[in-house]
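Close look at the chain arrangement
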Amino acid sequence: MTRIASHRGGTLEFGDSTPTGFRATSRLPLDEVEFDVHPTADGAIMVHHDPTLDRTTDTKGEIRQLAEAEVRAARIDYSRGESPISLAELCAIYATSDVDFRCEIKPGVGGRAYDDFVPRVVAELDRHGMLERTVFSSFLIRSMDELGRATTRPRLWLVSPPVLIQLGIHAVVELARAHGIPEIGVNIDHADRALMEIVAGAGLEFGCWAAHDSAQITKALTLGVKVFTTDRPSLAIDLRNDFHGGMA
Ligand code: FE
């Protein structure tokens, strides 16, 4: 069955990377919660999408340059007055959940990977008993390589539309194989049966991201991709139930 990953805790249902969204996702009948991590100036690991607080909270600043307490003082837009949480707190929410982690290693401002960050994320997940329930993702080949050195857990390369268009799927597949990457994910709007067959033919697993509306979710289910991320987890669950009910 195609796996559903609640993107940033279900952004369109609960706000972007909110505690409420993460708690709600932990109780939903789906497979994974997707989230992004960034380091603070004083050594904490915070769960937030952007490298800055500017776009999605009432506060400005680059997480890497802020203290944990400053990040925690920010209020997330469209949340219940909530603040970003740490990776440790996210682990606590999911300790007793059936939903597993899909942890995205984000770059900092300017799109460059944080130095020495990946081993710290892996260690933190291990310390809180979640590493064996985590799949990693990143758009950055450098982060893929660092993950490969830091853990044997599964990792998937998020292939952005410009990279997919500029390289072409055959070069993407070759790059993935050259770096020992077992799985790729593409934007759902760039997925089709032919592309999927090329990826599968190379022995790679295939998923999609950004399947947010009914048409996009139905497309992912119909293609039968391994996994997709969605900002609307409740809608995805309903459509997956309908899809399998209809197939029976
Ligand atoms: Fe992400």
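Placed above this text is the structure.
A few points on the structure. All values reported here derive from a predicted model rather than from experimental measurement. Residue positions within a chain follow its written sequence, with the count starting from 1. Owing to the predicted nature of the model, reporting of local features is limited to residues with pLDDT of at least 70; listing and counting of side-chain atom pairs is limited to 80 or more, with chain, interface and lining totals taken over all residues. Note: side-chain values were computed over all heavy atoms of the structure, leaving out hydrogens and water.

Looking at the overall build of the protein
Summing up its helical and strand segments, the protein has eleven helices and nine strands in all. Based on the C-alpha atoms only, the size of the protein along its principal axes is roughly 50 × 40 × 30 Å. Evaluated residue by residue, the protein yields a buried proportion of 56% over its 248 residues. Note on contacts: a residue pair qualifies if any of its non-hydrogen atoms lie within 4.5 Å across the two residues. If you take every contact in the protein between residues at least 6 apart in sequence, the share linking residues at least 24 apart comes to 58%. Helix and strand assignments follow DSSP, with helices taken as H or I runs no shorter than four residues and strands as E runs no shorter than two, numbered in order from the N terminus. Exposed residues in this analysis have more than 50% of their type's maximum accessible area, buried residues have under 20%, and partly exposed residues fall in between, with area computed by a 1.4 Å probe over protein chains only.

Remarks on the packing of helix H2 (residues 19–26) against helix H4 (residues 87–94)
In this analysis an axis means a line fitted to C-alpha atoms, helices contributing only their contacting stretch, and an angle means the value between N-to-C directions, from 0 to 180 degrees. At a minimum axis separation of 9 Å, H2 and H4 run at an interaxial angle of 30 degrees. With respect to their mutual orientation, H2 and H4 come out roughly parallel. Taken as a pair, H2 and H4 cross one another with a handedness that is right-handed. Along its contact with H2, which presents Phe-22, Arg-23, Thr-25 and Ser-26, the element H4 presents Leu-90, Ile-93 and Tyr-94. Relative orientations are named as follows: roughly parallel for angles under 35 degrees, roughly antiparallel for angles over 145 degrees, roughly perpendicular for angles from 65 to 115 degrees, and oblique for any other angle. Two helices crossing with the near one rotated counterclockwise from the far one by less than a right angle form a left-handed crossing, whereas a clockwise rotation gives a right-handed crossing.

So, the side chain of Arg-102
Structurally, Arg-102 is set in strand S4 (residues 100–105). For the purpose of counting charges, residues Lys and Arg are taken to be positive, whereas Asp and Glu are taken to be negative. His and the chain ends are not included. Any carboxyl oxygen of Asp or Glu within 4 Å of a side-chain nitrogen of Lys or Arg constitutes a salt bridge here. No salt bridge is formed by the buried Arg-102; its nearest oppositely charged neighbour, Glu-32, is found at 4.2 Å. Here Arg-102 is in contact with Ala-5, Glu-32, Val-33, Glu-34, Phe-35, Val-135, Ser-137, Leu-156, Leu-158, Val-227 and Thr-229, once residues within four sequence places are set aside.

Some details on the environment of Arg-142
Examined against the element boundaries, Arg-142 turns out to sit in helix H6 (residues 141–150). On the basis of relative accessible area, Arg-142 is assigned to the partly exposed category, the value being 37%.

Considering the nonpolar core
Of all hydrophobic cores here, the largest spans 59 residues; its most connected members are Phe-35, Val-37, Val-121, Ile-184, Phe-206 and Phe-228. Ignoring any residue separated from it by four or fewer positions in sequence, one finds Phe-206 in contact with Glu-183, Ile-184, Val-186, Ala-191, Leu-195, Met-196, Val-199, Val-225, Lys-226 and Val-227. Core analysis: the second largest hydrophobic core is formed by seven residues, Ala-44, Met-46, Leu-53 and Leu-66 among them. By nonpolar core we mean a set of buried residues, namely Ala, Val, Leu, Ile, Met, Phe, Trp, Tyr and Cys, connected to one another through side-chain atoms within 4.5 Å.

Points about the state of the cysteines
Here, two cysteine sulfur atoms that lie within 2.5 Å of each other are counted as a disulfide. A complete count under the given rule lists zero disulfides for this structure. With no disulfide of its own, Cys-91 has Cys-103 as its nearest cysteine by sulfur position, at a separation of 8.9 Å. On the accessibility criterion, Cys-91 (1% relative accessible area) is buried. By relative accessible area, Cys-103 is classed as buried at 0%.

A short note on the pairing of strand S9 (residues 227–230)
Side chains of S9 alternate between two faces, with Val-227 and Thr-229 and Phe-228 and Thr-230 buried alike. For strand S1 (residues 3–7) and S9, the ladder comprises four bridges, and the chain directions are parallel. Within S9, the position partnered with Ile-4 by the bridge is Phe-228. Two strands qualify as a pair provided that DSSP identifies no fewer than 2 bridges between them.

Let's talk about the packing of aromatic side chains
Only Phe, Tyr and Trp rings take part, Trp by its six-membered ring, and two of them pair if their centres are within 6.5 Å. Stacked means planes under 30 degrees apart, edge-to-face means over 60, and tilted covers everything else. Within this structure, the stated rule accounts for four aromatic pairs. For the pair Phe-139 and Trp-209, a centre-to-centre distance of 5.4 Å together with 85 degrees between the ring planes defines the contact as edge-to-face. A residue pair is termed long-range when its members are at least 10 positions apart, and Phe-139 in the loop between strand S5 (134–138) and H6 and Trp-209 in strand S8 (residues 205–209) qualify at 70 residues. Overall, Phe-139 belongs to the partly exposed group, its relative accessible area being 32%. By relative accessible area, which is 15% here, Trp-209 ends up buried.

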